[in-house]
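This is what each chain is made of:
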Amino acid sequence: MRTLIAILPFLALAGCGAQEEMPKVQTVEIVKSYPHDSQAFTQGLFYDGGLFESTGEEGTSGIRKVDLASGEVSAQAPLAAPYFGEGIVGWKDKIYQLTWKDQKGFIYNRKDFSPAGEFAYKGEGWGLTHNGKSVILSDGTATLRFLDPETLAQQSTLDVTANGCPVKQLNELEWIQGEIWANVWQTDLIARIDPGNGKVKGFVDVASLGPPTPGIDEVPNGIAYDAAAKRIFVTGKMWPQLYEVRVSDGPANGAAQDQAAALMRCQPG
Ligand SMILES: [Ca+2]
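Since the model is a prediction, treat every value here as computed from it, not as a measurement.

Some words on the overall build of the chain
The helix and strand tally for the chain stands at two helices and 22 strands. Across its three principal axes, the chain shows a C-alpha extent of roughly 65 × 40 × 35 Å. For the chain, the proportion of its 269 residues judged to be buried stands at 51%. In the chain, once contacts between residues fewer than 6 apart in sequence are set aside, the share between residues at least 24 apart is 52%.

Details of the side chain of Thr187
Along the chain, the position of Thr187 falls in the loop between strand E17 (179-184) and strand E18 (189-193). Given a relative accessible area of 3%, Thr187 falls into the buried group. Within the local environment of Thr187, its side chain forms a polar contact with the backbone oxygen of Val184, the two atoms lying 2.7 Å apart. There is a polar contact of 3.0 Å between the side chain of Thr187 and the backbone nitrogen of Leu189.

Considerations on the sheet that holds strand E3 (residues 51-55)
Strand order in the open sheet made by the four strands is E2-E3-E4-E5, with antiparallel pairing throughout. Edge strands, defined here as strands with exactly one partner in the open sheet, are strand E2 (42-47) and strand E5 (73-79). Taking each pair of neighbouring strands and ignoring which way they run, the sheet shows an average axis angle of 15°. One ladder, built from five bridges, connects E2 with E3; its direction is antiparallel. Bridging from a neighbouring strand, Thr42 pairs with Thr55 of E3.

Digging into the coordination of the calcium ion
All of the protein donors around the calcium ion are Leu45 (O), Glu172 (OE), Glu172 (OE), Leu173 (O), Glu174 (OE) and Ile223 (O); their distances to the metal are 2.3 to 2.8 Å. Geometry at the calcium ion is irregular, judged from the six donor atoms that bind it and their angles of 48 to 168° at the metal. Every donor residue of the calcium ion comes from the same chain, spaced as L-x126-E-L-E-x48-I. Of the residues examined, Leu173 reaches a relative accessible area of 0% and is grouped as buried.

Notes on helix H2 (residues 254-263)
Each full turn of the α-helix corresponds to 3.6 residues, which orients residues three or four apart in the same direction. All buried positions along H2 are accounted for by Ala256, Gln259, Ala260, Ala261, Ala262 and Leu263. The residue sitting at the N-terminus of H2 and contributing the capping side-chain oxygen is Asn253; that oxygen lies 3.0 Å from the backbone nitrogen of Ala255.

Focus on the state of the cysteines
In total, this model carries one disulfide according to the counting rule given. A disulfide bridge connects Cys165 with Cys266, and the sulfur atoms are separated by 2.1 Å. Here the disulfide of Cys165 and Cys266 is left-handed, its torsion about the S-S bond being about -80°. Taken together, the residues span a long stretch of sequence, with Cys165 in strand E15 (residues 165-166) and Cys266 in the segment after H2 at a distance of 101 residues. Since its relative accessible area comes to 43%, Cys266 is described here as partly exposed.

Some details on the side chain of Asn221
Take Asn221: it is sitting in strand E20 (residues 220-226). Polar side-chain contacts of Asn221 include one of 3.0 Å to the backbone oxygen of Thr42. A polar side-chain atom of Asn221 sits 3.0 Å from a polar atom in the side chain of Asn171. Ignoring anything within four residues of it in the chain, the contact list for Asn221 reads Thr42, Gln43, Asn171, Glu172, Asn183, Thr235, Gly236 and Lys237.

What counts as what
Residues numbered from 1 in each chain as written. Predicted model: local features only at pLDDT ≥ 70, side-chain atom pairs only at ≥ 80, totals over all residues. Heavy atoms only, no water. Helix = DSSP H or I, 4+ residues; strand = E, 2+ residues; numbered from the N terminus. Buried < 20%, exposed > 50% of the residue type's maximum accessible area, 1.4 Å probe, protein only. Contact = heavy atoms within 4.5 Å. Polar contact = N/O pair within 3.5 Å; in protein donor to acceptor, adjacent residues only side chain to side chain. Pairing = 2+ DSSP bridges. Axes fitted to C-alpha atoms, helices over the stretch in contact; angles between N-to-C directions. Donors = N, O, S within 2.8 Å, 3.2 Å for Na, K, Ca; no water. Tetrahedral: all angles 85-135°; square planar, octahedral: opposite > 155°, others 65-115°. Disulfide = S-S within 2.5 Å.

Take a look at the structure:
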């Protein structure tokens, strides 16, 4: 009986999509830690010659440029209530910012954060990144949208799956070396998504980062990639630190393994 019980979870996983290669769960090593504003409800993060961050919640939303070494805010623009700031992405001399439920995005001039327009989209707005050809948007579902980076009109969609199961609640995004990385909300996991077929190639467990006893909102939710120096940065909502990390094949912790296993059984994360 003991043997059968031990095998059952694996049978359940295999039954979901036997032909699929199971995404593995990797972890991270910290290369360097930096201070991060522990009041910042991080909703978007990108690095392009400097670090840019979007913050959320009504009344504390905005975009900011952050000095990496000190964590100090060097420039910012508030986003007044009732708007709830979400993902951001830099495109040429502009920054695009989503709002959560208002179906309205804001455009800023990158050099001084002055207003440069608005855009509309259907549904919720969660995360943004770009791959050089398209802006990529998450909305809390398992489907990513690809938008024309100049007009922000929708070009196509991508359904994201792990072991054949839709991976919902894809949140903050980053394009990293030909993959789409996405925080999976309310988990310790970053999904590494193949943009060609939407399949999750692997999960990265970031549970070792962040506050030792995080509050319910203090989830991982910021990924930035410095393409010039090949640095990956990760932070979270109200985390006191931002980390440069490298992916490691060291063992993920049990909670992250359980979260990934649940996603791969088509169970909610
Ligand atoms: Ca990002």
